[in-house]
Amino acid sequence: MKKLIYLDNNATTPVRPEVVEVMDFCHTECFGNPSTVYSFGRNAKRVMDESREKIARMIDASKDEIVFTSGGTEADNLAVFGIAKANKDKGKHIITSKIEHHAVINSCKALEKDGFEITYLDVDKYGIVNLEQLERTIKKETILISIMHANNEIGTIEPIAEIGKIAKKHKIYFHSDTVQSIGKINVDVKEMNLDMISISSHKLYGPKGIGCLYVKKGTRIKPILYGGEQEHHLRAGTENVPGIAGFGRAMELAVTETDKENKRLTRLRDMLQEGLAKRIMHIIFNGHPTERLPGTLNCAIQFIEGESLILKLDDLGICASTGSACSSASLEPSHVLMAIGLPHEIAHGSLRLSLGRDTTDEDIDYVLDVLPKAVEELRAFSPLYKEFLKKGK
Ligand SMILES: *Cc1c(COP(=O)(O)O)cnc(C)c1O
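Residues numbered from 1 in each chain as written. Predicted model: local features only at pLDDT ≥ 70, side-chain atom pairs only at ≥ 80, totals over all residues. Heavy atoms only, no water.

### Thoughts on the packing of aromatic side chains
- Under the defined criterion, the tally for this structure stands at 5 aromatic pairs.
- Residues Phe-31 and Phe-40 carry aromatic rings whose centres are separated by 4.9 Å and whose planes lie at 70 degrees to one another, so their mutual orientation is edge-to-face.
- Of the residues examined, Phe-31 reaches a relative accessible area of 62% and is grouped as exposed.
- A centroid spacing of 6.3 Å and a plane angle of 15 degrees characterise the contact between Tyr-385 and Phe-388, whose relative ring orientation is stacked. In this pair, Tyr-385 and Phe-388 both sit in helix α13 (residues 383-392), 3 residues apart, roughly one turn of the helix.
- For Tyr-385, a relative accessible area of 18% puts it in the buried group.
- Through a chain of ring-to-ring contacts, three or more aromatic side chains come together here, namely Phe-303, Tyr-385 and Phe-388.
- Directly above the ring of Phe-116 sits Lys-92, whose terminal nitrogen or CZ lies 5.1 Å from the centroid.
- For Arg-357, the ring lying beneath its charged end belongs to Tyr-205, and the centroid distance is 5.8 Å. (Phe/Tyr/Trp six-rings, centres within 6.5 Å; stacked < 30°, edge-to-face > 60°. Buried < 20%, exposed > 50% of the residue type's maximum accessible area, 1.4 Å probe, protein only. Helix = DSSP H or I, 4+ residues; strand = E, 2+ residues; numbered from the N terminus. Lys NZ or Arg CZ within 6 Å of the ring centre and 35° of its normal.)

### Examining the side chain of Ser-181
- Note that Ser-181 resides in the loop between β6 (173-177) and β7 (196-200).
- For Ser-181, a relative accessible area of 0% puts it in the buried group.
- Apart from residues no more than four positions distant in its own chain, Ser-181 is found in contact with His-149, Ala-150, Val-187 and Leu-293. (Contact = heavy atoms within 4.5 Å.)

### Considering the side chain of Asp-76
- By the element assignment, Asp-76 lies in helix α3 (residues 72-87).
- There is no salt bridge for the buried Asp-76, and the closest opposite charge comes from Lys-203, which lies 8.7 Å off by N-O distance.
- Apart from the residues lying within four places of it in its own chain, the contact partners of Asp-76 are Ala-103, Val-104, His-175, Asp-177 and Ser-198. (Lys, Arg positive; Asp, Glu negative; His and termini not counted. Salt bridge = Lys/Arg side-chain N within 4 Å of Asp/Glu carboxyl O.)

### Considering the site of the ligand
- Around the ligand, 13 residues are found, and the nearest of them are Thr-73, Asp-177, Gln-180, Ser-200 and Lys-203.
- One of the side-chain nitrogen or oxygen atoms of Asp-177 is found 2.6 Å away from a nitrogen atom of the ligand.
- Interatomic distance of 2.8 Å between a side-chain N/O atom of Lys-203 and an oxygen atom of the ligand.
- Of the residues forming the shell around the ligand, the biggest block, 3 residues, is contributed by α3.
- Residues of the shell around the ligand, tallied by class, amount to 2 nonpolar, 8 polar and 3 charged. (Near = heavy atom within 4 Å. Polar contact = N/O pair within 3.5 Å; in protein donor to acceptor, adjacent residues only side chain to side chain. Nonpolar A, V, L, I, M, F, W, Y, C, P; charged D, E, K, R; others polar.)

### Focus on helix α9 (residues 306-315)
- Within α9 the residues assigned to the buried category are Gly-306, Leu-309, Ile-310 and Leu-313. Along the axis of α9, the buried residues cluster in a sector spanning 105 degrees; they form a single face. Exposed residues pointing more than 90 degrees away from the buried face of α9 are listed as Leu-311 and Asp-315.
- Just downstream of α9, Gly-317 is the residue with a positive phi angle, here 85 degrees. (Arc of directions from axis to C-beta.)

Function-wise, these values are silent; they only describe arrangement.
So this is what it looks like as structure tokens:
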């Protein structure tokens, strides 16, 4: 069988064997409900608490500041709706950016229907949010600033510590979606003045369907799910104990290995970028040249359709993505590529290659061998490309 080269690690990651091991143990040996009082249930609770403590330690928080959720999407929803509900008496203005994940953008859009005012900050051509605009739009009704740490499509890293300072100065709650940054770059909630961050396990080699929201002690926030008293009254429902145990192990490993993996992936990513730049004409690289996640490479290849290229790469055993996994079902170009000012027709030829733990030098060599050929073949059928060549002469 042909080897599968998985270059879509920003969409999801494979579960590490060490994580499978702890989850298997939980599934068979500690299936008790952590809310029960007998020892078997208490065992489940102990496993859960250990995991909570590990996760807290990895971001410089304490364990009662971790609220387990069903993943990054729910954590983002809890941050936005939870703060909105608990602080609407103070004001109904929220500041976010144009390049947030849909879990934040669509939560904000829903609040707009409820009379909230949302400012969607612009970004520059690299995807960095405009800090002057941020300071300018803050008003006394502003209750929340939500800016992601690193963008899932183009990998751009936002100046989170600086935004944290601004939020603190104005006494406004600051949430950051750190789903893409944890395990790739350093995250410290104290140093960055963060009140809330969202984390998702399946983006860091843990299982799907589990994640958490860090909520700083003293934050005024209300739940979005009602039921039992789990998770400090902030998230009702019997806890996903095996998921939580796996998430804790994955998080511990990912954060401990961040520096080493960051260096390795940066080298491979740069090799890939330089190779493609050399072998493909009319290619544009998106995202910030240096303030960018180590394994993310987003490019726009002119005169081709991103979708067609993805299918061709699939035939060659390469998994990649156009702009964003979440929007590949729609024909609209990605909101992130629009926000950085890419023209429609160029955005349509966008390709995201996101490297991960399993990516090797050989994988990069193979991609550099077959991807330029695939582009050439697609361009041979492109009327736009023919026209362009004619004009050039
Ligand atoms: C994947 C992702 C999410 C959603 O997390 P899920 O656990 O899949 O719900 C949110 N934000 C960002 C930046 C992501 O990349």
